Each structure stands twice: as structure tokens, then as C-alpha cells.
Amino acid sequence: LGIFTYDPGFTSTCSTKSAITYIDGDEGVLLYRGYPVEQLAEKSSFIEVCYLTLHGELPSATQLAEFDQSIRRHTMLNESLRKFFDGFNYDAHPMAMMTGVVGSLSAFYHDTTNNKDPKHREIFAHRMIAKIPTIAAAVYKKTVGQPFVYPKNDLDYSSNLLRMMFAVPAEEYEINPVAAKALDVLFILHADHEQNASTSTVRMAGSTGTNPYAAISSGIAALWGPSHGGANEAVLEMLNEIGDVKHVPAFMQKVKDKVEGVRLMGFGHRVYKNFDPRAKIIREQCHKVLKALGKENDPKMELALKLEEIALNDDYFKQRKLYPNVDFYSGIIYEALGIPVNMFTPMFAVGRTVGWCAHWNEMTADSTTRIARPRQVYTGAAVRDYTPVAQR
Ligand code: CMC
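Note that the structure is predicted; figures quoted are calculated from it, not measured.

### Quick look at the overall build of the protein chain
Helix and strand counts for the protein chain stand at 17 helices and three strands. Taking 21 Å as the expected radius of gyration for a compact globule of 392 residues, we find that the protein chain reaches 22 Å, a close match to that expectation. In the protein chain, which comprises 392 residues, the proportion classed as buried is 49%. In the protein chain, 75% of the contacts between residues at least 6 apart in sequence involve partners at least 24 apart. Accessible area of the protein chain: about 19200 Å², with a carbon and sulfur share of 52%. Of note, the protein chain has its 42 positive side-chain charges centred 5 Å away from the centre of its 44 negative side-chain charges.

Shown next as C-alpha cells:
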């Protein structure tokens, strides 16, 4: 290997320096800009966390008001961009549409993509954070065949998203504050997670100097996979498949025997080897939200708790240090809010967009950034001479 290190899956490679998020995987610690995620989930708002993630400090009241106002001002989509949705089939996966539509933002908002200009970078981040809920809601409307609902900018971030998803013309839509608060907390918990696969993808694409919306689109594509953000959808599919608590032991046996690669979705993490602090908060939130919505006896929650209890006491999971991750309980909350399973990963994307923007910004502002260009261990044929087709 000479001077190179072979590190498949980057288990021991730091690809960058970053001042945004700190994780201690052994202790189950997660800090955004030094602030414990538990405190932010309890006391802050998603918009404030966006400011913190992007700027590195909590905002003053004036800074927060100005930032909030700027995000509200950028929620609209160009009308031509809306027409892109006509090209998709109604049964397209929402993440397929998200990837395409976010990529197409690069064709509309290229007036502020001088990556060297901090003002341009700031406008990009505000546009991206503001438009991602509008896009996610439009994607949902496309899947159910309803007309798009425009943003209503006197509403807070999460309420606006709920309204754009669930309001229908000619009917009053009343926002449930419990649902809006639950969504806000979930977005805080998903805001950033250092060099995860999608953020690393955004950084890698961004390191070439490409259009930043195109870089975010590549992050959305990476998030879609079931090993990453797609796990929240996979967890609900798994719970549906198990169906009843009485089928749990047989399912767990399949997981432990690795039958057809079946895994306990929503369990395990590359970095957390003790517990995922986000999962703890989400489990508490789950109880709170289900109670507030009068859904305490949700059978999926019962099933998830049973799976967790069995897994935490089983040698297979203990030896491999597998604990519930952020995706294990989030789907139960989404489902309680009326969000369909195929929209779970788009919800993750809405929350994570600020993290992607912050990392892109940090990398782009750093004059020492070089193009990301890993090497490989070549395993192909040795040099040989070409033979004309007639002689083969
Ligand atoms: N169920 C059963 N076995 C598992 C699981 C699981 N969920 N996760 C890991 N293992 C086993 C795996 O088979 C391996 O066993 P062995 O040592 O016998 O070969 C061992 O644990 C180590 O697993 P790994 O795949 O080498 O670990 P990794 O760090 O490469 O992968 C992971 C991490 C999150 C992809 C993996 O734990 C997994 O596939 N989990 C299920 C999918 C999931 O919930 N993903 C969401 C991750 S958190 C949020 C996010 O990133 O979006």
C-alpha cells in the first residue's frame, strides 16, 4: 500500500476538521456547537438550532428574529420549478422526487453561487432551509394527487410544513400544536451528525466547487438508503411485517441467524457503541406525543418496546454493542402525526438540510480545502496487450 491506508467504509479515517458537531460514541454524547442535544431539544426551537448550527453561536433576540424572517421570506418555489412535479409518476418514491427537485434548484437560483462570497453562501443556506419543507410537502401532495398548498409565512417552520402537507382547498385546516412541537423536536434531533454518509457526500461533491444545490441533492440521494436515513421507513415496514408481539421471538431468531441478511432496523450505529442519545429523547417524545394525541395504546409502540427490551438483554446485540438509533422510534411519531411511511425519510432530509448547508459552508469558506479524491487498492488484471476482435 506504500503511503496509503486501506480503510473500507472509512472506519478509521477523519476526512476533515470541523467545529460544528461533536460525538462521543462511547459515552453517548452529542453536542451541536458545544450544546448538548438534550438541552436544545428541551429548550430551543428548530429555527434557533439552525442559526446555531450555521453561525456557531446562539443568536441574540434580534439576530433570531432577522434569521427567522429571512427563512420565512424564502419559502416559495419558482412556479416553473413546480411544473417539474408534472413529470413524475404519482407512485414515484418521495425521495426520488426530492433528489430530482432539489437538484433542479441549481437551474433556478444561480444568481448567488459565487461560493467565495460569504453573502452568497448565506443566501444559499437560507433558501435551502426555507424551501426544503415546501418541496417535501409538494412531493407528498403529488403522491396523494392533491393540489399544492402555498407556504403561509406567518406560521412557524413546522406548522407551515404540516399545513402545506395536510390542508386542502375550501376546508379550514387547524394546526395541532402538539404535532407541530413534536415535529420541531424531531428536526432539532436530526439537524446535524458530523461526517455521516450524506454529509460526507455533500462535502465530497462540494469539494469540486459544484453548484451547492446540486451538492445537497447528492446528500439526499445518500440519505435515502436503508443503512442511513431510509432506516426510519424500514423500521415501520419491519414493525408492520412482524405484526404482533407474539411473532417477535421468531423474528429475532431470524435476525440473529442473519437469515437473508435480515437486520433489526433502527438498531446499531457506526459511532455510538453505548447508546444513541437521540433515541432516548425520541422514545420519551413518543410516549408524550402518543398520550397527547390519545394514542397511548399504539400497538406499534408496544411492539417496538418489546423488540428493544429483548434486544438489550440478548447476547447477540450486547456483544456487538447494538442499541436503538435515531430511526427506531421516530417513525412511530411520524405515523401518529398522520405522515405516511414513504414520507419519513423526506422528513429526515428536512431536518438534516441545515447540517448539510453548515458543512458545505464550513468547507467552502476554508481556503485550505482540497478536492476529495480517495485512492484504491487495485485488484484487476496486470498489463496485457490488446487483441483484435477476430482473434478473441
Ligand atoms: N441488526 C442485526 N445485526 C446488526 C445490526 C442490526 N441492526 N447492525 C449491525 N449488526 C451486526 C452486523 O451483522 C455485524 O455482525 P458480525 O460482527 O457478526 O458480522 C456487526 O453487527 C457490525 O455491523 P456492521 O454492519 O459492520 O456495522 P457498521 O458500523 O458498518 O454499520 C449500521 C452500522 C447502522 C449501518 C448497521 O448497524 C445497520 O445496518 N443498522 C440497521 C440500519 C439502521 O438502523 N440504520 C440507521 C443508522 S442511524 C441513522 C442514520 O445514519 O441515518
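What follows picks up the thread again.
### Regarding the site of the ligand
Inspection of the region around the ligand gives 22 residues, with Lys258, Arg263, Leu264, Arg270 and Tyr316 positioned closest. In the model, a nitrogen atom of the ligand is placed 2.9 Å from a nitrogen or oxygen of the Phe267 main chain. A distance of 3.0 Å is found between an oxygen atom of the ligand and a side-chain nitrogen or oxygen belonging to Arg320. Considered on its own, the ligand offers 930 Å² of accessible surface; in the complex 74% of this is hidden by protein. A per-class count over the shell around the ligand returns 10 nonpolar, seven polar and five charged.

### Concerning the sheet that holds strand S3 (residues 35–36)
Taking strand neighbours across the sheet as the criterion, the three strands line up as S1-S2-S3 in an open arrangement whose pairing is antiparallel. Every other strand in the sheet has two partners, leaving strand S1 (21–24) and S3 as the edge strands with one partner each. Here S1 runs beside strand S2 (residues 29–32); their pairing, made up of four bridges, is antiparallel. Bridge pairing in S2 links Ile23 to Leu30.

### Here we look at the nonpolar core
One recurring pattern in soluble globular proteins: nonpolar side chains tend to sit buried together. Ranked by internal contacts, the top residues of the largest apolar core, which has 111 residues, are Met238, Leu264 and Leu307. Sort the elements by how many residues they give to this core and helix H6 (residues 118–144) lands first, with 12 residues. Setting aside its immediate chain neighbours within four residues, Leu307 contacts Met238, Leu239, Ile242, Val248, Phe251, Met252, Leu264 and Phe328.

### Some words on the environment of Leu40
Considering the arrangement of structural elements, one finds Leu40 in helix H1 (residues 37–43). According to the relative accessible area criterion, Leu40 is buried, its value standing at 5%. On a C-alpha basis, the gap between Leu40 and Met204 in space is 29 Å, while along the polypeptide they are 164 residues apart. If we ignore the near neighbours within four places in the chain, the residues touching Leu40 are Tyr32, Tyr35, Val49, Leu52 and Ile188.

### Notes on the packing of aromatic side chains
Inspection of every chain in the model, using the stated rule, returns 17 aromatic pairs. An angle of 70° between the planes, with centres 5.1 Å apart, marks the rings of Phe85 and Phe148 as edge-to-face. Here Phe85 is found in the loop between helix H4 (79–82) and helix H5 (94–104), whereas its partner Phe148 is found in the loop between H6 and helix H7 (157–166), with 63 residues between them in sequence. Relative accessible area serves as the criterion here: at 0%, Phe85 is assigned to the buried category. Both rings, one in Phe124 and one in Trp360, keep their centres 4.8 Å apart while their planes meet at 65°; by these two values the pair is edge-to-face. Of the two residues, Phe124 sits in helix H6 while Trp360 sits in helix H17 (residues 344–365), which places them 236 residues apart along the sequence. Trp360 matches Phe124 in its accessibility class, with the two residues each being buried. The structure contains a cluster of three or more aromatic residues connected by ring pairs, namely Phe84, Phe108, Tyr109, Phe124, Tyr213 and Trp360. A cation over a ring is seen here: Arg82 above Tyr150, with NZ or CZ 4.4 Å from the ring centre.

### With respect to the environment of Phe148
Accessibility expressed as a relative area gives 26% for Phe148, which makes it partly exposed. The spacing of Phe148 and Val168 is 20 residues in sequence and 8.6 Å in space, taken between C-alpha atoms. Excluding anything up to four places from it in sequence, Phe148 contacts Arg82, Phe85, Ala138, Lys141 and Lys142.

### Observations regarding the pairing of S1
With burial as the criterion, only one face of S1 is covered, namely that bearing Thr21 and Ile23; the residues Tyr22 and Asp24 on the opposite face remain uncovered. The turn linking S1 back onto S2 is made up of four residues, and Gly28 within it adopts a positive phi angle of 70°.

### A closer look at the pattern of salt bridges
It is possible for side chains bearing opposite charge to pair when their charged atoms get close. The full count for this structure, using the stated rule, is 11 salt bridges. One salt bridge connects Asp154 with Lys152, and the closest N-O pair in it is separated by 3.2 Å. Between Glu309 and Lys306 there is a salt bridge whose closest N-O contact spans 3.8 Å. Within this pair, Glu309 and its partner Lys306 are both found in helix H14 (residues 299–312), separated by three residues, close to a single helical turn. Judged by relative accessible area, which is 28%, Lys306 ranks as partly exposed.

Rules used throughout
- Residues numbered from 1 in each chain as written.
- Predicted model: local features only at pLDDT ≥ 70, side-chain atom pairs only at ≥ 80, totals over all residues.
- Heavy atoms only, no water.
- Helix = DSSP H or I, 4+ residues; strand = E, 2+ residues; numbered from the N terminus.
- Rg over C-alpha atoms; globule rule 2.2 N^0.38 Å.
- Buried < 20%, exposed > 50% of the residue type's maximum accessible area, 1.4 Å probe, protein only.
- Contact = heavy atoms within 4.5 Å.
- Areas by Shrake-Rupley, 256 points an atom, 1.4 Å probe, with all protein chains shown as cover.
- Lys, Arg positive; Asp, Glu negative; His and termini not counted.
- Charge placed at Lys NZ, Arg CZ, Asp CG, Glu CD.
- Near = heavy atom within 4 Å.
- Polar contact = N/O pair within 3.5 Å; in protein donor to acceptor, adjacent residues only side chain to side chain.
- Nonpolar A, V, L, I, M, F, W, Y, C, P; charged D, E, K, R; others polar.
- Pairing = 2+ DSSP bridges.
- Core = buried A, V, L, I, M, F, W, Y, C linked by side-chain atoms within 4.5 Å.
- Phe/Tyr/Trp six-rings, centres within 6.5 Å; stacked < 30°, edge-to-face > 60°.
- Lys NZ or Arg CZ within 6 Å of the ring centre and 35° of its normal.
- Salt bridge = Lys/Arg side-chain N within 4 Å of Asp/Glu carboxyl O.

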